[in-house]
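Commentary on secondary and tertiary structure
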Amino acid sequence: MDTENLNTEGLAEKDGRYVWHALSRLNPGSQQTSPPMMVVEGSGAWISDTEGNRYLDGMSGLWCVNVGYGREELARAAYEQLQKLPYYPLTMAHAPAAELGEKLGEWLGGADDYVFFYSNSGSEANEVAFKVSRQYHEQNGEGGRWKFVSRYRAYHGNSFGSLAATGQAQRKHRYEPLAPGFLHVAPPDRYRCAYCSDRPACNMECARSIGRTIAWELPETVAGVIMEPIITGGGVLVPPEGYVQSVAEICRENGVLFIMDEVICGFGRTGKRFGHQHYGVRPDIVTMAKGITSAYLPLSATAVRREVFEKFKGTEEYAHFRHVNTFGGNPAACALALRNLQIMDDENLPERSARMGDRLRQELGALEEHPNVGEIRYKGLLFGIELVEDRESREPATPEKVGKVIAGCKERGLIVGKNGDTVAGFNNVVTLAPPLVVSEDDLAFVARTLKESIESL
Ligand code: PLP
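Residues numbered from 1 in each chain as written. Predicted model: local features only at pLDDT ≥ 70, side-chain atom pairs only at ≥ 80, totals over all residues. Heavy atoms only, no water.

**Thoughts on helix α13 (residues 399-411)**
Here α13 contains 13 residues, and its C-alpha end-to-end distance of 18 Å stays within 8% of the 18 Å for a straight helix at 1.5 Å per residue. When α13 is considered as a whole, its buried residues turn out to be Val-402, Val-405, Gly-408 and Cys-409. Relative to the axis of α13, the buried residues are bounded by an arc of 125 degrees and lie together on one face. α13 presents Pro-399, Glu-400, Lys-404 and Glu-411 as exposed residues on the side facing more than 90 degrees away from its buried surface. In this structure, the buried residues of α13 make contact with β12 (382-387), β13 (414-415), β14 (417-418), β15 (429-432) and α14 (440-455). (Helix = DSSP H or I, 4+ residues; strand = E, 2+ residues; numbered from the N terminus. Expected span 1.5 Å × (residues − 1). Buried < 20%, exposed > 50% of the residue type's maximum accessible area, 1.4 Å probe, protein only. Arc of directions from axis to C-beta. Contact = heavy atoms within 4.5 Å.)

In structure tokens:
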């Protein structure tokens, strides 16, 4: 892109005047705290701004540009579909949605086991999951099942239902009351676990607490449990071995639908096609977004096991799913998603993510010994580095310290993230989720930069 001809100052001025940025803090008297970086282009794992600075995007945008920037074949797939048929609502059929459904089925491990309802965002995909669950139980003769259990610290979206499912008070405060019927339990978090962090091994109380909550609420009132395979934005909390399987079993025993939020963990991020495939479970509902198109266009999907779908057949007036969105399953987005999955298959990106994740962990070496690093957690190319004031007491690092590390990385050309605005006092996890195409040299750069930024505290 010809950045020389961009009117950089003029654009910054317009941005300050007209654009309200996500999660931005506004100073009285001026629009933003400081003008945000204006990004103009990207290639592979790298982006550049209007000033000509290049950064390795260690967060793939918002954990989503899985195949990296600048993929012409994705632009071409969308362009060709836009020429042929730019739009038709999915009240009718179109070829890209059908082809994508088959491909997603294959990715989920049984092409005919699931059907897909397309939407535009992860939040909407989760809303679909909640509505499908309640109606499924109703049509299954168990209309009293309306509650959902999720975990503190997990994020499930910004709408009134998905935010209610979210276990992050700082994202909910001043917007409540949200949708009723959402209950929360402690997350699996070996490092700070309420049940076992002071014991030599995990005692799996975190999984049992889900069963206990369902029992105490009365199983016949509970519709579903929603969880990510690994809590991502809440601080990259990797569950202990056996946890996900236990939750699946608890759901089965109680007739509760097991809903897997794969919005971040899906599409190779954790080293498999979907995060839950590490644990050999088969969820009733899988929600997906972000990496489905590597974020080149908006698209999300709610995959529903065929047995659940079958319950929506019937002639009774309210038996069908009365939910539609205008843009959901846009043909160009579906065609692009199909090509995106093909790229991931051709380039073995899920497997590459596992390999490169191990490589990055190796490069980070003994960083865990640093006095301000409490724990390094990872699976594939999904990393959380928990910063502390003191390794002994595990007191979370101050926001200033976390901010310094993030700013230090940026000064050195690396974008990293954090679990910002989640739960009070615990926004101390620096996150990394680079594009799955990141090179070994790039990973060495990530590790070196992160180490330098932490060491300069
Ligand atoms: N679920 C998870 C796990 C997420 O991380 C997010 C967004 O970050 C969502 C759902 C909501 O997705 P969206 O921002 O596309 O609505």
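**Description of the sheet that holds strand β1 (residues 39-43)**
Taken in spatial order, the 4 strands line up as β1-β2-β3-β13 in an open sheet, and their pairing is mixed. Every other strand in the sheet has two partners, leaving β1 and β13 as the edge strands with one partner each. Where β1 lies against strand β2 (residues 46-49), 4 bridges are found, and the strand directions are antiparallel. The residue of β2 that forms the bridge with Ser-43 is Trp-46. (Pairing = 2+ DSSP bridges.)

**A short note on the side chain of Ser-162**
Assignment of secondary structure puts Ser-162 in helix α6 (residues 160-165). At 3.3 Å, the side chain of Ser-162 forms a polar contact with the backbone nitrogen of Asn-158. Within polar-contact distance, the side chain of Ser-162 engages the side chain of Ser-159 at 2.7 Å. Ignoring any residue separated from it by four or fewer positions in sequence, one finds Ser-162 in contact with Ser-123, Asn-126, Glu-127, Phe-130, His-156 and Gly-157. (Polar contact = N/O pair within 3.5 Å; in protein donor to acceptor, adjacent residues only side chain to side chain.)

**Overview of the pattern of salt bridges**
Overall, the coordinates contain 27 salt bridges when judged by the stated rule. Of the charged contacts in the structure, one is a salt bridge between Arg-359 and Glu-440, with a shortest N-O distance of 3.4 Å. Of this pair, Arg-359 sits in helix α12 (residues 349-364) while Glu-440 is found in helix α14, placing the two residues 81 residues apart along the sequence. Across the pair Glu-389 and Lys-401 runs a salt bridge, and its minimum N-O distance is 2.9 Å. A residue pair is termed long-range when its members are at least 10 positions apart, and Glu-389 in the loop between β12 and α13 and Lys-401 in helix α13 qualify at 12 residues. What you see here is one network of salt bridges that share partners, running through Lys-103, Glu-106, Arg-273 and Asp-345. (Salt bridge = Lys/Arg side-chain N within 4 Å of Asp/Glu carboxyl O.)

**Notes on a nonpolar patch on the surface**
On the surface, Leu-85, Tyr-88 and Met-92 cluster together to form a nonpolar patch covering roughly 290 Å² of accessible area. Along the chain, the position of Tyr-88 falls in the loop between α3 (72-84) and α4 (95-107). Residue classification places Tyr-88 among the partly exposed residues on the basis of a relative accessible area of 42%. (Patch = residues over 30% accessible without salt bridge, like charges linked within 9 Å, V, L, I, M, F, W, Y side chains within 5 Å. Areas by Shrake-Rupley, 256 points an atom, 1.4 Å probe, with all protein chains shown as cover.)

**Comments concerning the sheet that holds strand β4 (residues 114-119)**
Spatial ordering of the open sheet is given by β4-β10-β9-β8-β7-β5-β6, a layout of 7 strands whose pairing is mixed. Each end of this open sheet is capped by a strand with a single partner; those strands are β4 and β6 (182-185). Each neighbouring strand pair of the sheet contributes to a mean axis angle of 20 degrees, computed without reference to strand direction. (Axes fitted to C-alpha atoms, helices over the stretch in contact; angles between N-to-C directions.)

**Points about the site of the ligand**
The immediate surroundings of the ligand are formed by Ser-121, Gly-122, Ser-123, Asn-126, Tyr-155, His-156, Gly-157, Glu-228, Asp-261, Val-263, Ile-264 and Lys-290. For the ligand, an oxygen atom lies 2.6 Å from a polar atom in the side chain of Ser-123. Within the side chain of Asp-261, one N or O atom sits 2.7 Å away from a nitrogen atom of the ligand. Expressed as a share of its isolated accessible area of 390 Å², the protein-covered part of the ligand is 83%. In terms of residue count, the dominant contributor to the shell around the ligand is helix α5 (residues 122-139) (3 residues). Split into classes, the residues belonging to the shell around the ligand amount to 3 nonpolar, 6 polar and 3 charged. (Near = heavy atom within 4 Å. Nonpolar A, V, L, I, M, F, W, Y, C, P; charged D, E, K, R; others polar.)

**Thoughts on the packing of α12 against α14**
Packing of α12 against α14 brings their axes to within 9 Å, and their N-to-C directions diverge by 35 degrees. You can see that α12 and α14 cross each other, and the crossing is right-handed. In this structure, α12 uses Met-356, Arg-359, Leu-360, Glu-363 and Leu-364 to contact α14, whose residues at the interface are Glu-440, Leu-443, Ala-444, Val-446, Ala-447, Leu-450 and Lys-451. Grouping the constituent residues of the contact of α12 with α14 by class yields 8 nonpolar, no polar and 4 charged. (Left-handed = near helix turned anticlockwise from the far one by under 90°.)

Scope: geometric values only; no functional claims are made or implied.
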